[in-house]
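A structural walkthrough
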Amino acid sequence: MDPDAQMRLGKLLDDVDEPSLSSAERATYGVLTGHLDSLLAMSNCWEDKLWAHCKSLSEQMFDEFRSGMATSASSPALRFSQIFPKLGLSDDDFKGGFFCNVQKFLALRHYDALIRYLDNAMSQNSAFNRHRARFSCHLVFQLRSFGVDIEERTYNLLIEHYVKVLISDRRVSLIPFYVSKLRRDLQILWYAKFLEDVFDSSERQRYLAQAREHNLDVYSICLAVAEQLRKHYLALVGNSGHPETGSLTTSEFSLRKSVTEDEEKVISAIEWLLFEPDMLMAEAVREAGALGRVFLLNENLAAVEKLFDILPDNADEAAIDIWKEQNDDASGALTTEQKNILKDYHSIRIYIVG
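Since the structure is predicted, the reported quantities are computational estimates derived from the model, not experimental observations.

1. What to know about the overall build of the protein chain
Looking only at helices and strands, the protein chain has 20 helices and zero strands in total. By the burial criterion, 44% of the 354 residues in the protein chain qualify as buried. For the protein chain, the exposed surface amounts to about 19,200 Å²; the carbon and sulfur share of it is 50%.

Structure (structure tokens):
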């Protein structure tokens, strides 16, 4: 350092310690010299204190380098890692603050500790709001793109948490993108959950188109939606499964001719199977037969009629074609289970047609 510069620095350091100066003026000189105490005196939050420590340390390291006193023991990584414990001891906000802890782990490259911290924060729902859920989701995306190894369970849990937020807020244009980042079985589960409350046909088609754009398994999703809605209905009516296959009789029924809201929902679930008829028509026939028997056992003829109205007249033929293609039997014979499904379907259709 030239003599004039050294003299000016000495004058600034003297001014920092001048008691007659205001704290703000001393802090100004502290910025120029890296004087830590004068900077901390004007620091009101953990961000200010972090900056003060970093500024002071950078000035100190520059002086050491300029004087030839720098050593490997005073490397930036070692020196900066000492700042955060100091902040943790001196700043209560730092101890409990979400983003300051995240920044600490990122600055120190303690990625394992960061992921554990996010996992723990997520388990405390009150501390994991919508903004933090979105931030954490994108953070793990970015870390993984950098090659950071993130435990699969936590990675999926963080994304699932934000997907729940998106479904709750009906952010429908964003849902397929984030769902596509999940493991395949979770993709099917969460997109099906999202679609459960979608009843408008045009909206259903639009959301399935979005799913295809993000390479989601539309076949499995449609099947999952129909199954979930049927299970919900069976739970409501107290039926834990399909009635046994057999001949239908109505002599003991006093059949209702109105359809409840819950029945409307489960009937509309069959429509999900009709969006992929080349693959799912057989499932539609299976579901219609099983659900039709449940409706009859619950004495509702109107629900049965409405259920079968949404199926095309050749649904059984399409199902047979699908089964023959799927079966290993070269003769094209149907399995016993498939024959029973058709028996249920035909007996109900014959009954309601008259």
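This is not the end of the story, as more comes after the structure.
2. Brief notes about the side chain of serine 220
Examined against the element boundaries, serine 220 turns out to sit in helix H15 (residues 218–237). Under the relative-accessibility criterion, serine 220 is labelled buried at 16%. Polar contacts involving the side chain of serine 220 include one to the side chain of aspartate 217, which spans 2.7 Å. Setting aside chain neighbours within four positions, we find serine 220 in contact with Arg184 and Ile188.

3. Remarks on the packing of aromatic side chains
Under the defined criterion, the tally for this structure stands at 15 aromatic pairs. Between the aromatic rings of phenylalanine 141 and phenylalanine 177, the centroid separation amounts to 6.3 Å while the plane-to-plane angle is 85°, which identifies the pairing as edge-to-face. Separated by 36 residues along the polypeptide, phenylalanine 141 in helix H10 (residues 130–145) and phenylalanine 177 in helix H12 (residues 175–179) bring together distant segments of the chain. Arranged with centres 5.1 Å apart and planes meeting at 50°, the rings of phenylalanine 194 and tyrosine 207 form a pair that is tilted. You can see phenylalanine 194 sitting in helix H13 (residues 184–195) and its partner tyrosine 207 sitting in helix H14 (residues 201–213), a full 13 residues away along the chain. Members of the aromatic cluster, each reached through a chain of ring pairs, are Phe98, Phe99, Phe105, Tyr117 and Phe135. Against the face of tyrosine 155 rests arginine 144, its NZ or CZ located 3.7 Å from the ring centre. For the cation-ring pair, lysine 181 lies above phenylalanine 141, with the distance from its terminal atom to the ring centre recorded as 6.0 Å.

4. Comments concerning the packing of helix H16 (residues 261–274) against helix H18 (residues 301–309)
At a minimum axis separation of 9 Å, H16 and H18 run at an interaxial angle of 20°. Classified by the angle their axes make, H16 and H18 are roughly parallel. In the packing of H16 onto H18, the handedness of the crossing is right-handed. Listed contacts from H18 to Glu263, Glu264, Ile267 and Ile270 of H16 are Ala303, Lys306 and Leu307.

5. A look at the pattern of salt bridges
Going through the model one piece at a time under the given rule, you end up with 15 salt bridges. Notably, a salt bridge pairs arginine 184 with aspartate 217, separated by 2.2 Å at the nearest N-O pair. Remark: aspartate 217 occurs in the loop between H14 and H15 and arginine 184 occurs in helix H13; sequence separation between them is 33 residues. Here glutamate 287 and arginine 230 are joined by a salt bridge, their closest N and O atoms 2.6 Å apart. Taken as a pair, glutamate 287 in helix H17 (residues 277–297) and arginine 230 in helix H15 lie far apart in primary sequence, 57 residues in all. For the pair glutamate 287 and arginine 230, one class covers both residues: buried. Within the structure, one salt-bridge network assembled from shared partners comprises Asp119, Glu151 and Arg153.

6. A few points about the nonpolar core
In this structure, Leu118, Tyr191, Leu195, Trp272 and Phe295 are the most contacted members of the largest nonpolar core, which totals 86 residues. Two domains each donate at least three residues to this core, and these are domain 2 (95–169) and domain 3 (218–239 + 256–353). If we ignore the near neighbours within four places in the chain, the residues touching phenylalanine 295 are Tyr233, Glu263, Val266, Ile267, Asn300, Ala303, Val304 and Leu307. Of all hydrophobic cores here, the second largest spans six residues; its members include Trp46, Leu57, Met61 and Cys100.

7. Things to note about the packing of helix H11 (residues 152–169) against H13
The geometry of a pair of packed helices is captured by two quantities: the angle between their axes and the separation between those axes. Viewed as axis vectors pointing N to C, H11 and H13 meet at an angle of 10°, and their least axial separation amounts to 10 Å. Considering their axes alone, H11 and H13 lie roughly parallel with respect to each other. Once H11 is placed against H13, the crossing between them reads as right-handed. Two secondary-structure elements touch here, H11 through Asn156, Glu160, Val163, Lys164 and Ile167 and H13 through Leu186, Trp190 and Phe194. Of the residues belonging to the contact of H11 with H13, the class tally is five nonpolar, one polar and two charged.

8. Some details on the confidence of the model for the protein chain
The predicted model of the protein chain has a mean per-residue pLDDT of 80, with 79% of residues at 70 or higher. Across residues 1–9, where pLDDT falls below 50, the model places four contacts with residues more than four positions away in sequence or in other chains. Low pLDDT, under 50, characterises residues 239–253; the stretch is placed with 23 contacts to residues that sit more than four places away or in other chains.

9. Remarks on the environment of asparagine 314
Its location among the elements puts asparagine 314 in the loop between H18 and helix H19 (315–326). Taking the relative accessible area as the measure of exposure, asparagine 314 reaches 41% and is therefore partly exposed. For the pair asparagine 314 and methionine 281, spaced 33 residues apart in the sequence, the C-alpha separation amounts to 9.9 Å.

Rules of the game
Residues numbered from 1 in each chain as written. Predicted model: local features only at pLDDT ≥ 70, side-chain atom pairs only at ≥ 80, totals over all residues. Heavy atoms only, no water. Helix = DSSP H or I, 4+ residues; strand = E, 2+ residues; numbered from the N terminus. Buried < 20%, exposed > 50% of the residue type's maximum accessible area, 1.4 Å probe, protein only. Areas by Shrake-Rupley, 256 points an atom, 1.4 Å probe, with all protein chains shown as cover. Polar contact = N/O pair within 3.5 Å; in protein donor to acceptor, adjacent residues only side chain to side chain. Contact = heavy atoms within 4.5 Å. Phe/Tyr/Trp six-rings, centres within 6.5 Å; stacked < 30°, edge-to-face > 60°. Lys NZ or Arg CZ within 6 Å of the ring centre and 35° of its normal. Axes fitted to C-alpha atoms, helices over the stretch in contact; angles between N-to-C directions. Parallel < 35°, antiparallel > 145°, perpendicular 65-115°, else oblique. Left-handed = near helix turned anticlockwise from the far one by under 90°. Salt bridge = Lys/Arg side-chain N within 4 Å of Asp/Glu carboxyl O. Core = buried A, V, L, I, M, F, W, Y, C linked by side-chain atoms within 4.5 Å. Domains from an automatic or database assignment. Nonpolar A, V, L, I, M, F, W, Y, C, P; charged D, E, K, R; others polar. pLDDT = per-residue confidence, 0-100.

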